[in-house]
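# Descriptive analysis of the structure
Spelled out from the first residue to the last, the chains are:
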Amino acid sequence: MSSIIDVRNVSKSFGHLKVINDCSIQVKEGSITGLIGPNGAGKSTLFNIIAGNLPADEGSIHFAGEDITNTPADQLFHKGLLRTFQIAHEFSSMTSLENLMMVPGNQSGESIINTWFKPGLVRSEELQVRQRALDVIDFLSLGHVKNELAGNLSGGQKKLLELGRTMMANPRVVLLDEIAAGVNRTLLQDLIANIQRLNKELGYTFLVIEHDMDMIARLCNPVIVLAQGAVMIEGTIEEIQNNAEVVEAYFGPEVH
Ligand SMILES: Nc1ncnc2c1ncn2[C@@H]1O[C@H](COP(=O)(O)OP(=O)(O)O)[C@@H](O)[C@H]1O
Ligand SMILES: [Mg+2]
């Protein structure tokens, strides 16, 4: 497997605080790679840099062989590198189906010229987007809530819908930042199963930040441990859990 994401020697400071420190990671195409580490290790900052939400101070990022260092998020989105976002407040009064249909795509309906001169084209593309949204709803088994307002969904259903929004964009790599937080155990199983299916059936590569070790253990291989903005160790979950340095970083020297 080759690397689809290659982060080389990236650094990032906020004021005098160096949050990412000469950090290099590779994500193999087709993998579900975990990114863990103590609070404040710089995981979310690294995600923001990879996804184009924050510029790096130093270093480079390659996506599928292309240098994408400091490419804005909306361009990365169209290249197929994206992250999940919480359903924004203004979308909570739209249905699940509408939320999926709102994901920006290459819809010619966005062009006013097409609306005037080619109403038939716009109509048929709208139908295509709708059909695609229905397929996504089906894939995620959300059919029973497709006409429910997003604001009324449970925490876990919202996470599935967020995953569904990434599917609308036909991604190659999806970054997930702590999506298990606040999700009940049953829906967590759904979420894990769906991520595995997207990986196996549609070939999505995932980079997963997660606090929930059980979820990391079930989902991720390899797992990368970040501490103070740099990679401490990378390996299988067993290798990580048996590493004394990792145990110390997480639980402090008193636990042995
Ligand atoms: N926009 C920001 N401005 C200043 N400091 C920040 C900003 N974002 C994050 N930090 C700091 O950077 C460090 C790493 O944060 P973060 O990347 O969120 O860590 P993690 O996700 O691993 O918990 C923390 O000390 C945090 O307070
Ligand atoms: Mg974080």
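Data block above holds the structure.
Here's what I pulled together on the structure shown here. (Residues numbered from 1 in each chain as written. Chains lettered and ligands numbered in written order. Predicted model: local features only at pLDDT ≥ 70, side-chain atom pairs only at ≥ 80, totals over all residues. Heavy atoms only, no water.)

## Quick word on the pattern of salt bridges
Proximity of charged atoms lets side chains of opposite charge pair with each other. Going by this rule: Within this document, salt bridges are pairs made up of a side-chain nitrogen of Lys or Arg and a carboxyl oxygen of Asp or Glu, the two lying within 4 Å of each other. Helix and strand labels come from DSSP, where a helix needs a run of H or I of at least four residues and a strand needs a run of E of at least two; each type is numbered from the N terminus. Relative accessibility thresholds used throughout: buried, under 20% of the residue-type maximum; exposed, over 50%; partly exposed, between the two (1.4 Å probe, protein chains only).
Under the counting rule described, the total for this entry stands at nine salt bridges. For Arg-8, the salt bridge identified is with Asp-6, shortest N-O distance 2.9 Å. A salt bridge links Lys-159 to Glu-162; its shortest N-O distance comes to 3.9 Å. One end of the pair is Lys-159 and the other is Glu-162, both in helix H6 (residues 155-168) and three residues apart, which spans about a single turn. Residues Lys-159 and Glu-162 agree in their burial class; the two are buried. Linked through salt bridges whose partners overlap, the residues forming this network are Arg-185, Asp-212 and Asp-214.

## Here's the deal with unusual backbone geometry
Residue Pro-222 is bonded to the preceding Asn-221 through a cis peptide linkage, with omega at 5°. Residue position: Pro-222 is located in the loop between helix H8 (213-219) and strand S9 (223-227). The backbone phi angle of Ala-64 is positive, close to 50°, even though this residue is not glycine. Looking at where Ala-64 falls in the secondary structure, it is placed in the loop between strand S4 (58-63) and strand S5 (66-67). Given the relative accessible area of 41%, Ala-64 is considered partly exposed.

## As for the site of ligand 1
Operational definition: Residues are counted as near a molecule or strand when any one of their heavy atoms sits within 4 Å of it. Definition of a polar contact: a pair of N or O atoms within 3.5 Å, with one able to donate and the other able to accept a hydrogen when the atoms are protein atoms, and with sequence-neighbouring residues admitted only if both atoms are side-chain atoms. Think of it as three bins: nonpolar holds Ala, Val, Leu, Ile, Met, Phe, Trp, Tyr, Cys and Pro, charged holds Asp, Glu, Lys and Arg, and polar takes everything else, Gly as well.
For ligand 1, the full set of nearby residues is Phe-14, Leu-17, Val-19, Pro-38, Asn-39, Gly-40, Ala-41, Gly-42, Lys-43, Ser-44 and Thr-45. In the environment of ligand 1, an oxygen atom lies 3.2 Å from a nitrogen or oxygen atom belonging to the backbone of Ala-41. At 2.8 Å, a side-chain N or O of Lys-43 approaches an oxygen atom of ligand 1. Taken together, the elements giving at least two residues each to the shell around ligand 1 come down to strand S2 (17-28) and helix H1 (43-50). Sorting elements by how many residues they give to the shell around ligand 1 places H1 first, with three residues. Each residue belonging to the shell around ligand 1 can be placed in one class, and the counts come to five nonpolar, five polar and one charged.

## A look at H6
To keep it simple, the criterion reads: Any helix carries an expected span of 1.5 Å times its number of residues minus one.
Here H6 contains 14 residues, and its C-alpha end-to-end distance of 20 Å stays within 8% of the 20 Å for a straight helix at 1.5 Å per residue. Here H6 lies mainly inside the structure; twelve of its 14 residues are buried. Turning to H6, its buried residues number three or more, namely Gly-156, Gln-157, Lys-159, Leu-160, Leu-161, Glu-162, Leu-163, Gly-164, Arg-165, Thr-166, Met-167 and Met-168. Remark: Asn-170 follows H6 within two positions and exhibits a positive phi of approximately 55°.

## Examining the sheet that holds strand S1 (residues 3-14)
Hydrogen bonding along the main chain pairs the strands of a sheet, whether they run parallel or antiparallel. Filter applied, for reference: Pairing between strands is defined by DSSP: at least two bridges between the two strands are required.
If you trace the four strands from one edge of the open sheet to the other, you get S2-S1-S4-S5, paired in antiparallel fashion. Across the chains shown, the open sheet's two edge strands, defined by having one partner strand only, are S2 and S5. In terms of strand pairing, S4 meets S5 through two bridges, oriented antiparallel. The partner of His-62 across the bridge, within S5, is Asp-67.

## Describing the nonpolar core
Stated precisely, the cut-off is as follows: By convention a nonpolar core is built from buried Ala, Val, Leu, Ile, Met, Phe, Trp, Tyr and Cys residues, the set being connected through side-chain atoms within 4.5 Å. Note on contacts: a residue pair is in contact if any heavy atoms of the two residues lie within 4.5 Å.
Among the nonpolar cores identified, the biggest contains 50 residues, and Leu-140, Leu-163, Leu-176, Ile-195, Phe-206 and Met-215 are the most heavily contacted of them. Looking at which element gives the most residues to this core, the answer is helix H7 (residues 185-202), with six residues. Non-local contacts of Ile-195, meaning those with residues more than four positions away in its chain, are made with Ile-32, Leu-163, Leu-176, Ile-179, Phe-206, Met-215 and Leu-219.

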